[in-house]
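# Structure assessment
Below are the chains, spelled out letter by letter.
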Amino acid sequence: MSFELELSRGWIGADLAAEFPDLALLQVSMEARPGKTPPPVKERLREMSNRFTGGKAVQVRQQAVPWAYRVFFRQIGIDPDERRTPVEAAALERMRAGAFQSTNLLDDALLIATVETGVPVLAFDRDRVQGEVGLRVAQAGEQAPYPLRGGEIVTADEAGPLSVLFGEPNPDRGVTPATERMLLAAVQVKGVPDVSVEEALWTVTETLGAGA
Amino acid sequence: MALQLLEPVLAPADERAARRSLLDQIAKLEGELAQLFCTAFPRTGFEWGVGSRGGPRLLSLGELERVRDELAERLQDNRSTLSERTWQEEQKRCLVEEMLLEPEEHRWERISNAEIGEPGCKHWHVRPRYGLIGMLVGWWRVVISSGCPLAKGRGQSAAAR
């Protein structure tokens, strides 16, 4: 499958942009429904499991892109050894379970993109997102999905937070079996090249396309 | 909530430079710590965690300084631990060579892979050839184990064997 993605850049709150000038949220909308993982995607996961050995898992944190997310985690007050970056969490789970486990088409697509590019991708229900999506600092009392103290970094639209950054999306904004259009967003931090982020989004859309 | 209502809290310009410098230092230290982690693997007994600050959120200048200081401290501790460990491993490697050259001088000595900083379950063991006879006559040799035991499940197939 070959197609051009219509990527757009989300807004970044002024205080976040001042602190992290290279922070960006690249996003793309597509028509896709969640569902069961088709055999070709399962096969891809199996091949990926075979290629992803213990040695590679140990070296992950030294690779440029996963390292950039580790640094960003540190800079925003998360210990990446306590709460793993998405690619390290996937690597650890691969070692624990013996393979990358298939769950459903969307989660598998996000997993493949994360492991192959190191870039975490978030997915929301496009029809339940209002206006443009971006990153900002939360206000006290906002829900994401639990009440926030204020000061947390969140992905948000014009109506409010969609999720705490790198956390699970609000149940009323995330993808459900009824979803017909998805909004895929990738957080780009300092040290992560544009091409990696584009590849991550392209990988998810391509994988979701394979299930259509 | 409309976005216009959210008032950004921007740091003053002089603090901005200090914050930028701290963020760069944290990045550098994190890189060095990641490198050290890979060098130290598969050795165990290292502490890699640096306290979380309840993120994701923008940290204050003081918090950034504490993250930087803790990373530097962790790096220093682990570097000295690794240095000490590699020195001990070097001594053990020399001992393995001596055991191979003169096994009778190192009777019953046993060195494992872990002691020389290598993965796996292999070990070198100085034992007498032919058991008691070898002990009495002084025929000693180094026996190298065949590695880790094969993985066997405890399920039905294992029981059937």
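Treat the numbers as computed from the prediction; the structure is a model and nothing was measured. (Residues numbered from 1 in each chain as written. Chains lettered and ligands numbered in written order. Predicted model: local features only at pLDDT ≥ 70, side-chain atom pairs only at ≥ 80, totals over all residues.)

Next up on the list: the overall build of chain B. The number of helices and strands found in chain B is four helices and three strands. Element order for chain B, N to C, with α for helix and β for strand: α-α-β-β-α-β-α. Among the 161 residues that make up chain B, the fraction classed as buried is 16%. (Helix = DSSP H or I, 4+ residues; strand = E, 2+ residues; numbered from the N terminus. Buried ≥ 20, exposed ≤ 12 C-beta atoms within 10 Å, placed from the backbone.)

Counting its secondary structure elements, chain A contains seven helices and eight strands. Relative to a compact globule of 212 residues, whose C-alpha radius of gyration would be 17 Å, chain A shows 16 Å and is just as compact. The buried share among the 212 residues of chain A stands at 47%. Residue pairs in contact within chain A that sit at least 24 positions apart in sequence constitute 70% of those at least 6 positions apart. (Rg over C-alpha atoms; globule rule 2.2 N^0.38 Å. Contact = placed C-beta atoms within 7 Å.)

In this section: the interface of chain A and chain B. Each partner contributes residues to the interface: chain A has 31 residues there, and chain B has 33 residues. Elements that contribute at least two residues to the side of chain A that touches chain B include exactly α1 (14-19), α3 (54-59), α4 (64-75) and β5 (134-137) of chain A. Per-element accounting of the side of chain A that touches chain B gives the leading share, five residues, to α4(A). When the residues that make up the side of chain A that touches chain B are grouped by side-chain class, the tally is 12 nonpolar, eight polar and 11 charged. (Nonpolar A, V, L, I, M, F, W, Y, C, P; charged D, E, K, R; others polar.)

A few words now on the environment of A:Ile76. When you line up the elements, A:Ile76 lands in the loop between α4 and α5 (86-97). Placed 76 residues apart in sequence, A:Ile76 and A:Glu152 show a C-alpha to C-alpha distance of 9.2 Å. Excluding anything up to four places from it in sequence, A:Ile76 contacts A:Ile153, B:Gly55, B:Pro56 and B:Arg57.

Next up on the list: the sheet that holds strand β2 (residues 123-128) of chain B. Residues and elements named next belong to chain B. In space, the three strands of this open sheet follow the order β1-β2-β3, with antiparallel pairing throughout. Each end of this open sheet is capped by a strand with a single partner; those strands are β1 (110-112) and β3 (140-144). Each adjacent strand pair in this sheet contributes to an overall mean axis angle of 25°, direction not counted. With three bridges joining them, β1 and β2 adopt antiparallel strand pairing. By the bridge assignment, isoleucine 111 is partnered in β2 with tryptophan 124. (Pairing = 2+ DSSP bridges. Axes fitted to C-alpha atoms, helices over the stretch in contact; angles between N-to-C directions.)

Let's shift gears to the confidence of the model for chain A. Overall, the predicted model of chain A reaches an average pLDDT of 93, with 98% of residues at or above 70. Across chain A, strand β2 (residues 11-12) of chain A holds the top mean pLDDT of 97, while α3(A) sits lowest at 88. (pLDDT = per-residue confidence, 0-100.)

On to the nonpolar core, then. Residues and elements named next belong to chain A. Counting residues in each nonpolar core, the largest one holds 73 residues, and the members touching the most others are Val121, Ala123, Ala185, Ala186, Leu201 and Val204. For this core, the element with the highest residue contribution is helix α6 (residues 105-117), accounting for eight residues. Once residues within four sequence positions are removed from consideration, leucine 201 is found in contact with Leu5, Leu7, Leu26, Val28, Val121, Leu184 and Ala186. (Core = buried A, V, L, I, M, F, W, Y, C linked by C-beta atoms within 7 Å.)

Before going further, it helps to spend a moment on the sheet that holds strand β1 (residues 8-9) of chain A. Residue and element names in this part refer to chain A. Taken together, four strands build an open sheet; the order of strands is β1-β3-β8-β4 and the sheet is antiparallel. Sheet topology places β1 and β4 (121-125) at the edges, where each strand pairs with a single neighbour. Pairing between β4 and strand β8 (residues 181-188): five bridges, direction antiparallel. When the bridges of β8 are listed, aspartate 125 appears paired with methionine 182. Strands β3 (24-31), β4 and β8 of the sheet are contacted by helix α7 (residues 194-210), whose axis makes an angle of about 155° with β8.

What follows covers the environment of B:Glu90. With respect to the helices, strands and loops of the structure, B:Glu90 is situated in helix α2 (residues 61-101). Between the C-alpha atom of B:Glu90 and that of B:Ile116, which follows or precedes it by 26 residues, the distance is 6.9 Å.

This part is about the packing of helix α2 (residues 39-51) of chain A against α6(A). All names here are of chain A. Where α2 meets α6, the axes come as close as 11 Å, and the angle between the chain directions of the two elements is 35°. In this structure, α2 meets α6 at a crossing whose hand is left-handed. Contacts between α2 and α6 involve Val41, Arg44, Leu45 and Met48 from the former and Leu105, Asp108, Ile112 and Val115 from the latter. Looking at the contact of α2 with α6, its residues break down into six nonpolar, no polar and two charged. (Left-handed = near helix turned anticlockwise from the far one by under 90°.)

Here we take up the pairing of β3(A). Residues and elements named next belong to chain A. Pairing between β1 and β3: two bridges, direction antiparallel. From the neighbouring strand, serine 8 faces β3, where its bridge partner is glutamine 27. Alignment of β3 against β8, held across eight bridges, turns out to be antiparallel. If you follow alanine 24 over to β8, its bridge partner there is glutamine 188.

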